[in-house]
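So the chains spell out like this:
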Protein chains: 2
Amino acid sequence: MTMLKGNLMFGQSGGPTSVINASAAGVFIEALKYGEIIEKVYGAENGIVGILNEKFFDIGQEDPKELEMLKYTPSSSLGSCRYKLASADKDDTDYKRLLEVFKKYNIRYFLYNGGNDSMDTCNKISKYMQKSGYECRVMGVPKTIDNDLFGTDHCPGFASAAKYIATTTMEVYQDARVYDTGMICVIEVMGRHAGWLTAATRLASEKGCGPDLIYLPEVAFDIDKMLSDVKAIYSKTGKVIIAVSEGIQTKEGLFIPELVAQDDVAVDSFGHKQLGGTATVLANYLKKETGAKVRGIELSLMQRCASHCASQTDIDESFLAGQTAVIKAIEGMTDFMVGFERAPGDEYRCEIKMIPLNDVANTEKKVPLEWINEDGNFVLDGFVKYALPLIKEETQQIKVDGLPRFANLKKIRV
Amino acid sequence: MTMLKGNLMFGQSGGPTSVINASAAGVFIEALKYGEIIEKVYGAENGIVGILNEKFFDIGQEDPKELEMLKYTPSSSLGSCRYKLASADKDDTDYKRLLEVFKKYNIRYFLYNGGNDSMDTCNKISKYMQKSGYECRVMGVPKTIDNDLFGTDHCPGFASAAKYIATTTMEVYQDARVYDTGMICVIEVMGRHAGWLTAATRLASEKGCGPDLIYLPEVAFDIDKMLSDVKAIYSKTGKVIIAVSEGIQTKEGLFIPELVAQDDVAVDSFGHKQLGGTATVLANYLKKETGAKVRGIELSLMQRCASHCASQTDIDESFLAGQTAVIKAIEGMTDFMVGFERAPGDEYRCEIKMIPLNDVANTEKKVPLEWINEDGNFVLDGFVKYALPLIKEETQQIKVDGLPRFANLKKIRV
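So, a few notes on the structure that sits alongside this text.

Rules and cut-offs
Residues numbered from 1 in each chain as written. Chains lettered and ligands numbered in written order. Predicted model: local features only at pLDDT ≥ 70, side-chain atom pairs only at ≥ 80, totals over all residues. Heavy atoms only, no water. Helix = DSSP H or I, 4+ residues; strand = E, 2+ residues; numbered from the N terminus. Rg over C-alpha atoms; globule rule 2.2 N^0.38 Å. Buried < 20%, exposed > 50% of the residue type's maximum accessible area, 1.4 Å probe, protein only. Contact = heavy atoms within 4.5 Å. Areas by Shrake-Rupley, 256 points an atom, 1.4 Å probe, with all protein chains shown as cover. Lys, Arg positive; Asp, Glu negative; His and termini not counted. Charge placed at Lys NZ, Arg CZ, Asp CG, Glu CD. Expected span 1.5 Å × (residues − 1). 1 Å grid on protein atoms, 1.4 Å probe; cavity = no way out; pocket = protein on both sides within 12 Å on 5 of 7 lines; lining within 4 Å. Points joined across faces, edges and corners; volume = space filled by probe spheres on them. Nonpolar A, V, L, I, M, F, W, Y, C, P; charged D, E, K, R; others polar. Salt bridge = Lys/Arg side-chain N within 4 Å of Asp/Glu carboxyl O. Phe/Tyr/Trp six-rings, centres within 6.5 Å; stacked < 30°, edge-to-face > 60°. Lys NZ or Arg CZ within 6 Å of the ring centre and 35° of its normal. Pairing = 2+ DSSP bridges. Axes fitted to C-alpha atoms, helices over the stretch in contact; angles between N-to-C directions. Least-squares fit on C-alpha atoms with pLDDT ≥ 70 in both. Parallel < 35°, antiparallel > 145°, perpendicular 65-115°, else oblique. Polar contact = N/O pair within 3.5 Å; in protein donor to acceptor, adjacent residues only side chain to side chain. Buried area = accessible area lost by both parts, 1.4 Å probe.

Next up on the list: the overall build of chain A. Along chain A, the regular secondary structure elements total 15 helices and 13 strands. Since a compact globule built from 414 residues should have a radius of gyration of about 22 Å, the 23 Å found for chain A is in line with a globular shape. Along the three orthogonal principal directions, the C-alpha set of chain A runs to about 70 × 45 × 45 Å. Here chain A holds 414 residues, and the buried ones make up 62% of them. Nonlocal contacts in chain A, meaning residues at least 24 apart in sequence, comprise 78% of its contacts between residues at least 6 apart. Counting only carbon and sulfur atoms, one obtains 48% of the accessible surface of chain A, whose full area is about 15,500 Å². Of the side chains in chain A, 48 bear a positive and 57 a negative charge, and the two mean positions are spaced by 3 Å.

It is worth spelling out helix H5 (residues 116-132) of chain B at this point. Residue and element names in this part refer to chain B. Taking 1.5 Å per residue as the helical rise, H5 with its 17 residues ought to reach 24 Å, and the 24 Å between its terminal C-alpha atoms agrees with that figure. Of all the 17 residues making up H5, 12 are buried; the element is thus mostly covered by neighbouring parts of the structure. Looking at the buried side of H5, the elements it contacts are helix H2 (47-52), helix H4 (93-104), strand S4 (107-114), strand S5 (137-142), strand S10 (336-342) and helix H14 (357-360). A positive backbone phi angle near 75° is found at Gly 133, which sits one or two residues after H5.

The next point concerns empty space enclosed by the protein. All names here are of chain A. This model, assessed by the stated rule, comprises 1 cavity of 30 Å³ or more. Taken as a whole, the largest cavity holds about 30 Å³ of empty space. Lining the largest cavity are Ser 18, Val 19, Lys 71, Tyr 72, Ser 307, Ala 310, Ile 315, Thr 395 and Gln 397. Among the residues making up the lining of the largest cavity, the classes are represented as 4 nonpolar, 4 polar and 1 charged.

A few words now on the pattern of salt bridges. All names here are of chain A. All told, the structure shown has 45 salt bridges over all chains when counted by the stated rule. Put simply, Glu 68 and Lys 71 hold a salt bridge, and the shortest N to O gap is 2.8 Å. A relative accessible area of 35% places Glu 68 in the partly exposed class. Between Asp 120 and Lys 124 there is a salt bridge whose closest N-O contact spans 3.1 Å. On the criterion of helical spacing, the pair formed by Asp 120 and Lys 124 is a turn pair, its members being 4 residues apart in helix H5 (residues 116-132). Linked through salt bridges whose partners overlap, the residues forming this network are Glu 54, Arg 97, Glu 100 and Lys 104.

Under the criterion given, the structure shown has 30 aromatic pairs over all chains. On the numbers, 5.3 Å between centres and 45° between planes, the contact of Tyr 42 of chain A with Phe 56 of chain A is tilted. Here the residue Tyr 42 of chain A occupies a position in strand S2 (residues 38-44), and Phe 56 of chain A occupies one in strand S3 (residues 56-58), the gap between them amounting to 14 residues. Under the relative-accessibility criterion, Tyr 42 of chain A is labelled buried at 6%. A ring pair is formed by Tyr 42 of chain A and Tyr 105 of chain A, whose centres lie 6.3 Å apart and whose planes are at 85°; its orientation type is edge-to-face. With a gap of 63 residues between them, Tyr 42 of chain A in strand S2 and Tyr 105 of chain A in the loop between helix H4 (93-104) and strand S4 (107-114) connect regions that are remote in the sequence. Every member of this aromatic cluster is reached through a ring pair, and the members are Phe 158, Trp 196, Trp 371, Phe 383 and Tyr 386 of chain A. The ring centre of Phe 319 of chain B lies 4.7 Å from the NZ or CZ of Lys 71 of chain B, which sits over that ring.

All names here are of chain A. The strand order across the open sheet built from 4 strands is S7-S8-S6-S9, with neighbouring strands paired in parallel fashion. Of all the strands in the sheet, the pair left with one neighbour each is strand S7 (213-215) and strand S9 (294-298). Taken over all neighbouring pairs, the strand axes of this sheet differ in orientation by 15° on average, direction set aside. Bridge count for strand S6 (residues 183-189) against S9 is 5 bridges, and the pairing is parallel.

With an RMSD of 0.1 Å, the operation that places chain A on chain B is a rotation of 180° combined with a shift of 0.0 Å along the axis. Taken together, the rotation and translation relating the two chain copies correspond to the operation of a two-fold axis. Residue by residue, 88% of the interface of chain A is reproduced at the interface of chain B, so both copies engage with the same surface.

Approximately 680 Å³ is the volume found for the second largest pocket. Lining the second largest pocket are 32 residues, and of these Tyr 173, Gln 174 and Arg 177 of chain A together with Ser 77 and Lys 411 of chain B lie nearest its centre. Listing elements by their share of the lining of the second largest pocket, those giving two or more residues are helix H6 (158-176) of chain A together with H2 of chain B. At 3 residues, H6 of chain A tops the list of elements feeding residues into the lining of the second largest pocket. When the residues that make up the lining of the second largest pocket are grouped by side-chain class, the tally is 13 nonpolar, 10 polar and 9 charged.

Now for unusual backbone geometry. One can expect most non-glycine residues to show negative phi and most peptide bonds to be in trans. Residue and element names in this part refer to chain A. In this model, Asn 46 sits at a positive phi of 60°, which is unusual for a non-glycine residue. Topologically, Asn 46 is positioned in the loop between S2 and helix H2 (47-52). What makes Asn 46 buried here is its relative accessible area of 10%. At Ser 300, a residue that is not glycine, the phi angle is positive and equals roughly 45°. With respect to the helices and strands, the residue Ser 300 is situated in the loop between S9 and helix H12 (302-305).

Attention shifts here to the sheet that holds strand S8 (residues 239-245) of chain B. All names here are of chain B. Spatially, S7-S8-S6-S9 is the arrangement adopted by the 4 strands of the open sheet, whose pairing is parallel. The open sheet terminates on both sides in strands that have one partner only, identified here as strand S7 (213-215) and strand S9 (294-298). Neighbour to neighbour, the strand axes of the sheet diverge by 15° on average, direction disregarded. Pairing geometry for strand S6 (residues 183-189) and S8, over 7 bridges, is parallel.

Another point: the environment of Ala 321 of chain B. Relative to the helices and strands, Ala 321 of chain B is located in helix H13 (residues 312-330). Measuring from C-alpha to C-alpha, the distance between Ala 321 of chain B and Glu 246 of chain B comes to 29 Å, with 75 residues separating the pair along the chain.

Time to look at the packing of H4 of chain A against H5 of chain A. Residue and element names in this part refer to chain A. Where H4 contacts H5, the axes come no closer than 11 Å and their chain directions differ by 70°. The angle between H4 and H5 places the two elements in the roughly perpendicular class. Taken together, the residues of H5 that come into contact with H4 (itself represented by Tyr 95, Lys 96, Leu 98, Leu 99 and Phe 102) are Lys 124, Ile 125, Tyr 128, Met 129 and Ser 132. Of the residues contributing to the contact of H4 with H5, the split by class is 7 nonpolar, 1 polar and 2 charged.

Turning to the side chain of Glu 218 of chain A, a few remarks are in order. Residues and elements named next belong to chain A. Within the element layout of this structure, Glu 218 appears in the loop between S7 and helix H9 (223-237). Buried and unpaired, Glu 218 has no salt bridge, with Lys 366 as the nearest side chain of opposite charge at 6.1 Å. Within polar-contact distance, the side chain of Glu 218 engages the backbone nitrogen of Gly 195 at 2.8 Å. Polar contacts involving the side chain of Glu 218 include one to the main-chain amide nitrogen of Val 367, which spans 2.9 Å. Leaving out residues up to four positions away in the same chain, Glu 218 has contacts with His 193, Ala 194, Gly 195, Lys 366, Val 367, Leu 369 and Ile 372.

Let us look at H13 of chain B. Given 3.6 residues per turn, any residue in an α-helix points the same way as the ones three and four places further on. Residue and element names in this part refer to chain B. In this model, H13 (19 residues) spans 27 Å end to end at C-alpha, consistent with the 27 Å of a helix rising 1.5 Å per residue. The N-terminus of H13 is capped by Ser 311, whose side-chain oxygen sits 3.3 Å from the backbone nitrogen of Thr 313. Phi for Gly 332, located one or two positions after H13, is positive at around 115°.

Let's shift gears to the interface of chain A and chain B. Chain A puts 60 residues into the contact, and the matching count from chain B is 62 residues. Together chain A and chain B conceal approximately 5,100 Å² of surface at their shared face, both sides included; 60% is due to carbon and sulfur atoms. Linking chain A to chain B there are 6 salt bridges. Between Lys 399 of chain B and Glu 394 of chain A there is a salt bridge; the shortest N-O distance is 2.9 Å. Counting the contacts that link chain A with chain B gives 25 residue pairs in polar contact (both at pLDDT 80 or more). Contributing elements (two or more residues each) for the side of chain A that touches chain B: H6, S9, H12, strand S12 (399-400) and strand S13 (403-404) of chain A. By residue number, the principal contributor to the side of chain A that touches chain B is H6 of chain A, which donates 10 residues.

So yeah, pure geometry; function would need other evidence.
Next up, the structure:
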């Protein structure tokens, strides 16, 4: 073990999840144990943007009980960003500035929590620091509801979103069958390129309360085929539940709002067309084509922030990812992302697997095609076996007056 | 006590809630105890429509454990309807048919579970049976997320919806503040005429994670005033959360989708306008007027079926309402709805209060104006004190594999 003394900087980046703060808790609580090595633990305000602007918080001044509460607080408590670093070869302004800040505050540990783009950022910073000869251990902590990070069995944040989506789909299924009249319901789930979250609706089908049809972006979407599938089910049962990923597109690369002629859409008083999202557009299309009552439901922000329905397995693993990043960095590792793999055997057990940042950056992992049926309109058992163990445990979130108790951070600026 | 021997018919009517089946459980489990008096317990398929069509289930053949599970199963397990009975003076066809079915199956206890329209149905049937000289004890079991039934402190179904809405608002609040850029978020909540559900977002504000502005249908909506309120907050904090009821309207009586989009609005069989799109329309308007990033979120069906986030207090009270209807009917009462009132004292305790159906039918209870601020854009402490005790307890819903376990009824037709 090469002892490297200095301060630690942690940042949150990209879209929020229910459990991104659980990783923050893991980093902070673990890092604060090593006062001999890590003198100060900093949290960047709005990720890399906060570092560039020298805006960060002194985590050592926070109440340890509140840091513990971060496990059950959704979204990014430090604030996030969607800031893309240029390639250092083309424009090294930001990198110089980062190095300046790192030197000024003696940052020797840099941990960055995010998805694909953030791991790219993390990788670029890692390589620049190496090139500059500034000793700094850089670690990526994974996070994405999209579950599309390369090299890891699954990503912190996915399971909680999946649990919410499957649960909500089961409930909507019950609701949508209540009347003696026909009903078609289109549920729109997040996921631009990878269908992991939409596939999670399949877990509801496993319990007998799920969609009849599931469309993922991994397979080219054929609207005529979908219409005939819907009509076939509707004529038999009078009820159809459809789950669609927001990112589905035709083989020509058209997204749904681009595909469906929206000549009959409402126009507001300014003369602007009220263009809907995928669920609304598909719902309007199906209403027109079938004459049935149709409802479009967008799970919107709720699917990524519904911490009241988070998976405790996900919370614990997210915490572990943060904790592990600190431990590995202190041990001397750098330039890696913490990943997960399943221990062999039937019982689900999650083990740590360190993945080089280079391998992770900008590589997307999609739902394997062998988990999608031949017709491209349903998800197969392989996915159920994969996902079910991840969502099993209930969150231990503390409630006050029946409502979630989130962390209250003092956020004392450095 | 006048002993009346015969069979019992129970029906579910109107929009579903998370706990309407808890009342069904209360009715069924209680009624099945009185085999000496109530020989058969029937559940109507799709409410009054099922009775007219002689479609009902023999509840005595269900597994008692599954009846217990109804407490935690959202929506209407028997099926619901939105069927409007004509006035018997004008057209007594349906009434004659009902009487015929009641006689044929010796229905001496008729319990109907629903909101305003359903209590009107229940009242009409009660009066017709009296007039016909057919002895049948008729009881209304209240149900509505809208919380707008007259004479009762609150309605089964409201608290669970309120708990979900407040929880979700707290989570969306966290999510909507994550970036260092401006953000306006419009949350649309159900409620055509009464703002109880939208007021529930105020509970999130009580916990520091709620809307800045709340608009209920009880107060005329002024879009210019709203815009200046939004701009004022946005210029100070860069973040605005707005909660709006789907039913808000201008003093001229225009709903938001009518105010900006001129298309005809669909009407259901009760003549209610099929609203919706308020969040989207307002979000587009605010985007254009402020230039800010704006997101519209519709809580859609989730707010009325999210049983995973139900209030156990609500579940228990809904069960009690069903149970009480049976007990009171057996004791000889008829033509009443079961209602609630608060026991005196600081500690919340719910007591039964029987309300004549005549008083309930078609009378709407709105949010008291003294609980709305003078500007008409926020909800006051009085509501918090009223609502908080109702949402306090967590559901004891059973999970299997981390997903809800709903009741499996055999539904054996009579």
